[in-house]
Amino acid sequence: GESVGLHLPTLSVQEGDNSIINCAYSNSASDYFIWYKQESGKGPQFIIDIRSNMDKRQGQRVTVLLNKTVKHLSLQIAATQPGDSAVYFCAENVGSSNTGKLIFGQGTTLQVKP
Amino acid sequence: DAGVTQSPTHLIKTRGQQVTLRCSPKSGHDTVSWYQQALGQGPQFIFQYYEEEERQRGNFPDRFSGHQFPNYSSELNVNALLLGDSALYLCASSFRSATDTQYFGPGTRLTVL
């Protein structure tokens, strides 16, 4: 069935280090993937997205890599800061014309140590 | 530019009651999706509304229903509440396309006693 999963539930990094959060998906027909950050008590916040015709996309301090061969997605955060502490979700967009639903993984908690 | 707004912020109900949650989409967006997020889990898709019609539905019972108004705002209704309905209910808005980015509101925390 459709599912998006994350490899590790918790990731602890030192402030200033780079963070890598991984995600595996199972629906090979999906063509759009999104990373969200969710802080305690708040709704998911869009970080970066990537479409299936790309392998890599960069934003400010963040990079998303997509490996369609092994159905793997990763989020890299450069120079991790305390404000990056949150739960990170990858989501897979599954939909047809004029519709779409997001399938989320369980989430990875990122803890940044000062 | 206002983002996605939801009301109320928190709600406490008892089993068997009915609840209505409200969502106003981000300016310029015409599509609203609803998600349920249990504690410690990722959000789960309930349904999506576009042009005042339910376009797609997730694996949720008929107790969950919705509505979209001409101004694109939306309501989520849950009847005959169960303890297991306790969760954070999230609304996300987007613009038409199936692969358009969905932006989330802060959510409504529903507690069923």
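As shown above, the structure is provided for reference.
The structure contained in this document is the topic of the report that follows. This structure is a prediction, so every number in the text was calculated from the model and none was measured. (Residues numbered from 1 in each chain as written. Chains lettered and ligands numbered in written order. Predicted model: local features only at pLDDT ≥ 70, side-chain atom pairs only at ≥ 80, totals over all residues. Heavy atoms only, no water.)

**What to know about the pattern of salt bridges**
In step 1: Counted under the stated rule, the structure contains nine salt bridges over all chains.
In step 2: Across the pair Arg 57 of chain A and Asp 49 of chain A runs a salt bridge, and its minimum N-O distance is 2.2 Å.
In step 3: Relative accessible area serves as the criterion here: at 36%, Arg 57 of chain A is assigned to the partly exposed category.
In step 4: Given a relative accessible area of 7%, Asp 49 of chain A falls into the buried group.
In step 5: With a shortest N-O distance of 3.4 Å, Asp 30 of chain B and Arg 96 of chain B are connected by a salt bridge. In this pair, Asp 30 of chain B is assigned in the loop between β3 (19-24) and β4 (31-37) and Arg 96 of chain B in the loop between β9 (87-94) and β10 (103-104), connecting sequence segments 66 residues apart.
In step 6: Assessed through its relative accessible area of 5%, Asp 30 of chain B is described here as buried.
In step 7: We classify Arg 96 of chain B as partly exposed; its relative accessible area is 39%. (Salt bridge = Lys/Arg side-chain N within 4 Å of Asp/Glu carboxyl O. Buried < 20%, exposed > 50% of the residue type's maximum accessible area, 1.4 Å probe, protein only. Helix = DSSP H or I, 4+ residues; strand = E, 2+ residues; numbered from the N terminus.)

**As for the environment of Phe 104 of chain A**
Residues and elements named next belong to chain A.
In step 1: Structurally, Phe 104 can be placed in strand β10 (residues 101-104).
In step 2: Judged by relative accessible area, which is 8%, Phe 104 ranks as buried.
In step 3: Separated by 23 residues in the primary sequence, Phe 104 and Gln 81 place their C-alpha atoms 25 Å from one another.

**A short note on the packing of aromatic side chains**
Any aromatic ring pair is given by two values, namely how distant the centres are and how the planes are angled relative to each other.
In step 1: Here the structure, examined in full by the defined rule, presents 12 aromatic pairs over all chains.
In step 2: Ring centres of Tyr 36 of chain A and Phe 104 of chain B lie 5.2 Å apart, and the angle between their planes is 90 degrees; on these two criteria the pair is classed as edge-to-face. A residue pair is termed interchain when its members come from two chains, as with Tyr 36 of chain A in strand β4 (residues 32-38) and Phe 104 of chain B in strand β10. The pair formed by Tyr 36 of chain A and Phe 104 of chain B is uniform in burial state, with each residue classed as buried.
In step 3: Both rings, one in Phe 104 of chain A and one in Phe 104 of chain B, keep their centres 5.9 Å apart while their planes meet at 75 degrees; by these two values the pair is edge-to-face. (Phe/Tyr/Trp six-rings, centres within 6.5 Å; stacked < 30°, edge-to-face > 60°.)

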